[in-house]
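Summary of the model geometry
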Amino acid sequence: MNQVLSADAAMARAIECARLGLGKTFPNPIVGAVITSATGEFISEGFHQGADHAEVVAINAAKNIPAGVIIYVTLEPCNHQGKTPPCTQAIIAAGIKKVVYAVGDPNPIAAGGGEYLRASGIDVEQGLLESEAAFDNRAWITKISKERPRITWKIASTMDGKVAAADGTSKWITSELARADVAVLRSQADAIVTSTATVKADNPLLTSKGAGKNPVRLVMGGSEIASSAQILNADAETIAIKSRDLQELITLAQARGFNQLLIESGPTLGTALLKAGLIDEVVLYQAPTFFGSGTPSISDLGVATISERLDFEIADVEVIGADLKITLIKSANQEEGGR
């Protein structure tokens, strides 16, 4: 990559690099880093994927680091000794003279890197493409702020909101291209949550189908599932939560350090999480078809009047093959209201 990058372009590339770590870094955040010369010539890049931090990967990838280089990082360099030494020390040792980072570290354990670098005589800037970097790291940021993983509910439905026909059949409502996109979502999650009812009805495998790593599979419910169920195969770890208590799910996720859970179940579990205020995001795949009757994607929420509705904001809309993919983020008003 022999090119000259503006500051915005260098940070945008760092954000692209960070995305490559989705699903690979828990309990840590995704982070990308790009090193350029003082005049913007690309030198190296790296991203965190569970071992060395992004800054160290980028430094090690550089054949040489000339005087006056700049490192662009999506998250404030850490300033504590964890599984790896502080990134601030690696930056200082490499002779880097300027650090530009997008998002300040909200984790009190690792924060303070920017001030430490400044005190060490390094030029430090914060806030470049901050909102873009924070959005991509929203799972980990949610975990830090709410002390639980970010929870995304994936729904595949007809245009009239049905997830199964009147006779219970549901394979396949959406297209093969949409299902391939779901496989990518799975590869970016730390764990997939489903119910014993869904396992019995659909016998899902719930893997990434080769799109990336396979997440842990969590099965909730009091009933037993057949020993021959696909979800019990050796493709990924499977954990049974023999309860419908949502707090048991949260407690397990906290203990494992998961950043993001993907819910793939019928309306009963998804609705229970939604009513409990635990759904942060919905990824809705809608096929251009209608059932009229059948199973609705969401059960009764107890909303009796329009003022009680649960509002989400549209973050993205995409056409995938014949289907529509809509990403919905919980409305800021709902967050403030505690729902």
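Along each chain, numbering runs from 1 in the same order as the chain's sequence is written. With the structure being a predicted model, the display of local features is reserved for residues of pLDDT at least 70 and the display and counting of side-chain atom pairs for 80 or more, all residues being used for whole-chain, interface and lining totals. With hydrogens and water stripped out, all remaining heavy atoms of the structure feed into the side-chain values.

**Focus on helix 1 (residues 7-19)**
Rule in force here: Counting from the N terminus, the helices are the DSSP runs of H or I reaching at least four residues and the strands are the DSSP runs of E reaching at least two. Expected span of a helix, by definition, is 1.5 Å for each gap between consecutive residues, and there is one gap fewer than residues. Summary of the burial criterion: residues with accessible area below 20% of their type's maximum are buried, those above 50% are exposed, and those between are partly exposed, where the area comes from a 1.4 Å probe applied to protein chains only. Each direction from the helix axis to a C-beta atom contributes to the arc, which is the arc of those directions. Between two residues, a contact is recorded if the distance between any of their heavy atoms is within 4.5 Å.
Its 13 residues give helix 1 an end-to-end C-alpha distance of 19 Å, which sits within 8% of 18 Å, the value for a rise of 1.5 Å per residue. Among the residues of helix 1, those classed as buried are Ala10, Met11, Ala14, Ile15, Cys17 and Ala18. What you see down the axis of helix 1 is that its buried residues fit within an arc of 160 degrees, all on one side. On its buried face, helix 1 is in contact with strand 1 (32-36), strand 2 (42-47), strand 3 (70-75), strand 4 (98-103) and helix 5 (130-136).

**Regarding the sheet that holds strand 2**
Stated precisely, the cut-off is as follows: Paired strands are those between which DSSP finds at least two bridges. Lines fitted to the C-alpha atoms define the axes, with helices restricted to the stretch that makes contact. Angles between their N-to-C directions range from 0 to 180 degrees.
Pairing in this open sheet of 5 strands is mixed, and the strands run 2-1-3-4-5 from one edge to the other. The open sheet terminates on both sides in strands that have one partner only, identified here as strand 2 and strand 5 (123-126). Averaged over all pairs of adjacent strands, the angle between their axes in this sheet comes to 15 degrees, without regard to strand direction. Here strand 1 pairs with strand 3 via 4 bridges, running antiparallel. When the bridges of strand 3 are listed, alanine 33 appears paired with valine 73. The sheet strands contacting helix 1 are strand 1, strand 2, strand 3 and strand 4, and the helix crosses strand 3 at an angle near 50 degrees. Together, strand 1, strand 2 and strand 3 form the strand contacts of helix 2 (residues 54-61), whose direction differs from that of strand 2 by roughly 140 degrees.

**A look at the pairing of strand 3**
Put simply, the rule is: Orient the strands so they point away from the viewer; a crossover is then right-handed if the path from the first strand over the helix to the second runs clockwise.
Most of strand 3 sits inside the fold, with 6 of its 6 residues counted as buried. In this sheet, strand 4 lies alongside strand 3 in parallel orientation, the contact comprising 5 bridges. When the bridges of strand 4 are listed, isoleucine 71 appears paired with valine 99. Crossover connection from strand 3 via helix 3 (residues 87-93) to parallel strand 4: handedness right-handed.

**A closer look at the side chain of serine 37**
Positionally, serine 37 belongs in the loop between strand 1 and strand 2. Residue class for serine 37 comes out buried when judged on its relative accessible area of 12%. Leaving out residues up to four positions away in the same chain, serine 37 has contacts with Ile43, Gly68, Val69 and Ile70.

**Some thoughts on the side chain of arginine 148**
If you trace the backbone, arginine 148 turns up in the loop between helix 6 (138-146) and strand 6 (150-158). With relative accessibility at 7%, the residue arginine 148 sits in the buried group. Not counting residues up to four positions away in its chain, the partners in contact with arginine 148 are Thr142, Lys143, Ile250, Gln254, Gly277, Leu278 and Asp280.

**A word on the environment of glycine 221**
As for its position among the elements, glycine 221 is in the loop between strand 9 (216-220) and strand 10 (238-241). Its relative accessible area of 6% is what places glycine 221 among the buried residues. Separated by 20 residues in the primary sequence, glycine 221 and isoleucine 241 place their C-alpha atoms 6.5 Å from one another. Leaving out residues up to four positions away in the same chain, glycine 221 has contacts with Thr196, Ile241, Lys242 and Ser243.

**With respect to the UniProt feature "binding site: NADP(+)" (unreviewed entry) in the protein**
Definition in use: UniProt positions are given in the numbering used here, feature names are shortened, and annotations may be inferred rather than shown by experiment.
UniProt annotation of "binding site: NADP(+)" (unreviewed entry) refers to Ala156, Trp172, Thr198, Asp202, Gly266, Pro267, Thr268, Leu269, Gly270, Thr271 and Ala272 when read in the numbering used here. A maximum C-alpha distance of 24.5 Å is found for the annotated residues, which run over 117 residues; spatially they are spread out rather than grouped. With respect to the helices and strands, glycine 266 occurs in the loop between strand 11 (260-263) and helix 10 (267-275). For glycine 266, a relative accessible area of 24% translates into the label partly exposed.

**A short note on the sheet that holds strand 12 (residues 281-287)**
Across the sheet, 8 strands lie side by side as 10-9-8-11-6-12-15-14; this open sheet has mixed pairing. Every interior strand has two partners, whereas the edge strands, strand 10 and strand 14 (312-320), have only one. Going from strand to strand, the sheet's axes swing by 20 degrees on average, the running direction of each strand aside. Here 7 bridges tie strand 6 to strand 12, and the two strands are oriented parallel to one another. Residue pairing in the sheet places threonine 152 in a bridge with glutamate 281 of strand 12. Set on the sheet, helix 7 (residues 176-188) makes contact with strand 6, strand 8 (191-195), strand 11, strand 12, strand 14 and strand 15 (323-330); between it and strand 12 the angle comes to about 165 degrees. Lying over the sheet, helix 10 contacts strand 6, strand 8, strand 9, strand 11 and strand 14, oriented at roughly 135 degrees with respect to strand 6.

**Observations concerning helix 7**
Over its 13 residues, helix 7 extends 19 Å from the first C-alpha to the last, a length consistent with the 18 Å expected when each residue adds 1.5 Å. Listed as buried for helix 7 are Ala178, Asp181, Val182, Ala183, Leu185, Arg186 and Ser187. In this structure, the buried side of helix 7 is in contact with strand 6, strand 8, strand 11, strand 12, strand 14 and strand 15.

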